[in-house]
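# Observations on the three-dimensional arrangement
So you can see what is in the structure, the chains are spelled out below.
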Amino acid sequence: MTHRRYRVKYPVLPPGHYRFEVRARGQGGAWGPLLGFDLEVHPPWWGTVWGRLLDVLLLGAGVAGMVRWRARRLRRRNAELEALVLARTTEPGWARERVAQTEKLSAMGQLLARLSHEINNPLTAIHNNLTPVSEYFEQMNEVLRRYREWLGTRPEQAPEAERLWREEDLDFVLEDLPEALDSMRSASEGIRSIQADLRAFLRGERPQLIPDDLDEVVRDTAELVRRTLPAGVRLKVECGGVPRLLLHRGQLGQVLHNLVRNAVDAVGAEGEVRVQTAVREGGVELRVADSGPGVPVELRKRIFEPFFTTKDVGQGSRLGLAICRQIIEENHGGVFELDERVERGACFVVRLPLTPARNEPSEKHSSAVTHPTAGA
Ligand code: ADP
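Residues numbered from 1 in each chain as written. Predicted model: local features only at pLDDT ≥ 70, side-chain atom pairs only at ≥ 80, totals over all residues. Heavy atoms only, no water.

Glancing now at the sheet that holds strand 9 (residues 347–353). Across the sheet, which stays open at both edges, the 5 strands sit in the order 4-6-7-9-8 with mixed pairing between neighbours. Each end of this open sheet is capped by a strand with a single partner; those strands are strand 4 (232–238) and strand 8 (335–338). Pairwise comparison of adjacent strand axes, ignoring direction, gives a mean angle of 10° for this sheet. Summarising the sheet, strand 8 and strand 9 pair through 4 bridges and their orientation is antiparallel. (Pairing = 2+ DSSP bridges. Helix = DSSP H or I, 4+ residues; strand = E, 2+ residues; numbered from the N terminus. Axes fitted to C-alpha atoms, helices over the stretch in contact; angles between N-to-C directions.)

Now the structure itself:
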């Protein structure tokens, strides 16, 4: 009897029940009995019910994850779209507002351009005539003086000539006319300077500062205002001989004019307005004080707001102090305030640096301001 081992391989047997049978025979012998055994090939774990169940669960989880991811993406996209729609729906309003603002600015620009142009012709006429009128006046003055002398040699005519002279108040006329001409000249210079500013503004330039005499600006402006003062109001000017400093003559005149006008309004029919200049703490100080009732404590912060006023309709500019502050602080790098330590009346103080660091003018601009050319 031989013992031999045989090995059979079925590498790809699908799962199921099998019976393995074998029969043997010797050489030339008869076949032996059929021997066998049952066997079962199990499917792999993923082929089992649990495996398939797991598959289904994994698939379900995958689908659910996918659905959730897509839902989140949809929500995000929705939010983006909503934002876009919101932006689109509000855009026309914003655009309309911008268009309206631009139109307003352009209308204002046109108005300023027209104003600048319209001011120019009458102003040029006034300005150009001032010099000849002053000269004519000098000539007339000379002739009248000589007539008076000649009349001394013709005594019979003297009483009549003297009467006429007094009747026409020629002594006063001769004294007042040069002052009137001076104040007209200074007023027309003021308008010319505003016109130059307007043109500079339309060209997008800043008003230029040039070395100038503040005391002279004070005296000129005071002279201009003095002619319109009520009889009971005294205007005292005390100039402290301040050195030349960088300033815009027209704008400083405008500040002083506003302050003196406010002071005159405050004192009423009778009182005193005092304007002083002095060098103090390395800068120049200009004070405008009055003997009026002063500014009530509760209004002291508000008076510098544009359009704030306590005056009746038709009185005041509503912008006086706001413009003063802008001119002094923004354009001149100075300080403008109400001196709250003063016990009686109101006192406004302007402080200007003696050597401002910015806005140094070029020669070209200096001459444009001091001698503006005619023509808009
Ligand atoms: P407006 O002259 O049109 O009123 P302002 O800006 O020049 O505009 O002045 C604002 C307010 O400040 C005035 O209405 C007044 O109440 C107050 N004010 C200005 N100057 C004086 C002053 N010298 N004395 C008392 N109050 C003053």
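Picking up where we left off.
Quick look at the pattern of salt bridges now. Counted by the stated rule, this structure contains 30 salt bridges. In this structure, R19 engages D38 in a salt bridge whose closest nitrogen and oxygen atoms are separated by 3.1 Å. With R19 in strand 1 (residues 16–22) and D38 in strand 2 (residues 35–41), this residue pair connects regions lying 19 residues apart in the sequence. On the basis of relative accessibility, which here comes to 46%, the residue R19 falls in the partly exposed class. Close ionic contact of E142 with R146 constitutes a salt bridge, the shortest N to O distance being 3.2 Å. Residue E142 and its partner R146 are located together in helix 1 (residues 49–153), separated by 4 residues, close to a single helical turn. (Salt bridge = Lys/Arg side-chain N within 4 Å of Asp/Glu carboxyl O. Buried < 20%, exposed > 50% of the residue type's maximum accessible area, 1.4 Å probe, protein only.)

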